[in-house]
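# Secondary and tertiary structure notes
What follows is the residue order along each chain.
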Amino acid sequence: MKPSSILATAVLFSTPAFAQEMEGDPANGETEFARQCVSCHVVADESGEVLAGRNGRIGPNLHGVVGRAPGSVEDFRYSDALVAYGALGSSEDKTGTAPTGEQFETVVWGPENTVGYLLDPTAFLREALDDNRARSKMAYKVRDEQVAADLYAYLATFSPDVEFEGDTPGEETSESDDAVMEEMDSSDDEMEHSEGDMSKDEAETETAN
């Protein structure tokens, strides 16, 4: 499994601020899922085959959760706050962590809001909804931001067709990376020209001597 790149941005609630691009490790996410999540959650495909977990039914099935609207698994009883979060427009999330773009009419689970929710579900929903009375039914908190990123990367393997801007697995570079590379290439060309000029001057000096 390849690491998933997660570009994190600062949020206002009391969990740790996301300040830099993080690499989520799906292999470690699988280990942490088995350690922290299986008592409540299962990953089962459309046929009912269990792909991860055991028989956890306290929480919803997490198959395809990445790219899915929060609070949308049929017949599961979510908190009112989570359902309200899933009904927000993608740009209405007060944390600013929900994926945005023309393809997203409402909030869906992406890299940043998933990590934020895992770190402190109730605090995240209160910030996202601007409602201090909002409460998640999920009381469990993932204590480490990197572990939360790893869990996201693992869950994303069950949504292989979902991609977000800034969530780029593999070796692709960003526009800023491309600009840096172009600047480096330009500097190398200038150095080569400079060295060429120096060699020419040295040759002329030797001829003159």
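Small disclaimer: the values here were computed from a predicted structure and weren't measured. (Residues numbered from 1 in each chain as written. Predicted model: local features only at pLDDT ≥ 70, side-chain atom pairs only at ≥ 80, totals over all residues. Heavy atoms only, no water.)

Within the chain, the regular secondary structure consists of 6 helices and 4 strands. When the helices and strands of the chain are read in sequence order from the N terminus, they spell out β-β-α-β-β-α-α-α-α-α. Buried positions account for 41% of the 209 residues belonging to the chain. For the chain, the share of sequence-separated contacts (at least 6 apart) that also reach a separation of at least 24 residues comes to 53%. By element, 47% of the accessible surface of the chain is carried by carbon and sulfur atoms, the whole surface being about 12600 Å². (Helix = DSSP H or I, 4+ residues; strand = E, 2+ residues; numbered from the N terminus. Buried < 20%, exposed > 50% of the residue type's maximum accessible area, 1.4 Å probe, protein only. Contact = heavy atoms within 4.5 Å. Areas by Shrake-Rupley, 256 points an atom, 1.4 Å probe, with all protein chains shown as cover.)

Let's shift gears to the packing of aromatic side chains. Two aromatic rings are characterised by how far apart their centres lie and by the angle between their planes. Taken as a whole and judged by the stated rule, the model has 7 aromatic pairs. With centroids separated by 5.5 Å and ring planes inclined at 90°, the aromatic side chains of Tyr85 and Phe124 adopt a geometry described as edge-to-face. You can see Tyr85 sitting in helix 2 (residues 80–87) and its partner Phe124 sitting in helix 4 (residues 121–129), a full 39 residues away along the chain. Summarising the burial analysis for this pair, Tyr85 and Phe124 share the class buried. Ring plane angle 80° and centroid distance 5.2 Å describe the contact between Tyr154 and Phe158, whose orientation is recorded as edge-to-face. Grouping residues by exposure puts Tyr154 and Phe158 together as buried. Taken together, the ring pairs in this structure connect Tyr85, Trp109, Tyr117 and Phe124 into an aromatic cluster. (Phe/Tyr/Trp six-rings, centres within 6.5 Å; stacked < 30°, edge-to-face > 60°.)

Residues at a pLDDT of 70 or more form 68% of the chain, whose mean pLDDT is 78. Scored below 50 in pLDDT, residues 5–20 makes 46 contacts in the model with residues more than four places away or belonging to other chains. Under a pLDDT of 50 for its full length, residues 168–177 has, in the predicted model, 6 contacts with residues more than four places off or in other chains. (pLDDT = per-residue confidence, 0-100.)

Another point: the pattern of salt bridges. Summed over the entire model, instances satisfying the criterion amount to 3 salt bridges. Note that Glu32 is salt-bridged to Arg35, the shortest N-O span being 2.9 Å. Here Glu32 pairs with Arg35, and both are found in helix 1 (residues 26–36), just 3 residues apart, close to one helical turn. A residue is classified by how much of its surface remains accessible, and Glu32, at 10% relative accessible area, is buried. Here Arg133 ties to Asp131 by a salt bridge, and the two come within 3.9 Å at their closest N and O atoms. Using a relative accessible area of 27% as the deciding quantity, one classes Asp131 as partly exposed. (Salt bridge = Lys/Arg side-chain N within 4 Å of Asp/Glu carboxyl O.)

So, about the layout of surface pockets. Space inside the largest pocket adds up to approximately 630 Å³. Lining the largest pocket are 31 residues, with His41, Gly59, Pro60, Tyr117 and Met138 sitting closest to its centre. Put simply, the parts of the chain that give the lining of the largest pocket at least two residues each are helix 1, helix 3 (111–119) and helix 5 (145–156). Looking at the lining of the largest pocket element by element, the count peaks at 3 residues for helix 3. (1 Å grid on protein atoms, 1.4 Å probe; cavity = no way out; pocket = protein on both sides within 12 Å on 5 of 7 lines; lining within 4 Å. Points joined across faces, edges and corners; volume = space filled by probe spheres on them.)

Take Gly67: it is sitting in the loop between strand 4 (50–53) and helix 2. Between the C-alpha atoms of Gly67 and Gly110, which are 43 residues apart in sequence, the distance is 6.1 Å. Beyond its immediate chain neighbours, meaning those up to four positions away, Gly67 contacts Val108, Trp109, Val162 and Phe164.

Here the focus is the packing of helix 2 against helix 4. Orientation of helix 2 relative to helix 4, taken along the N-to-C sense of each, is 45°, at an axis distance of 10 Å. When the axis of helix 2 is compared with that of helix 4, the two are oblique. At the point where helix 2 passes helix 4, the crossing takes the left-handed sense. Residues Ala81, Leu82, Ala84 and Tyr85 of helix 2 touch helix 4, and the partners they reach there are Phe124, Leu125, Ala128 and Leu129. When grouped by side-chain class, the residues that make up the contact of helix 2 with helix 4 number 8 nonpolar, no polar and no charged. (Axes fitted to C-alpha atoms, helices over the stretch in contact; angles between N-to-C directions. Parallel < 35°, antiparallel > 145°, perpendicular 65-115°, else oblique. Left-handed = near helix turned anticlockwise from the far one by under 90°. Nonpolar A, V, L, I, M, F, W, Y, C, P; charged D, E, K, R; others polar.)

Within the chain, Asp75 stands out as a residue other than glycine whose phi angle is a positive 70°. Exposure remark for Asp75: the relative accessible area of 75% places this residue in the exposed category. Despite not being glycine, Asp130 has its phi angle at roughly 55°, a positive value. Among the structural elements, Asp130 can be located in the loop between helix 4 and helix 5.

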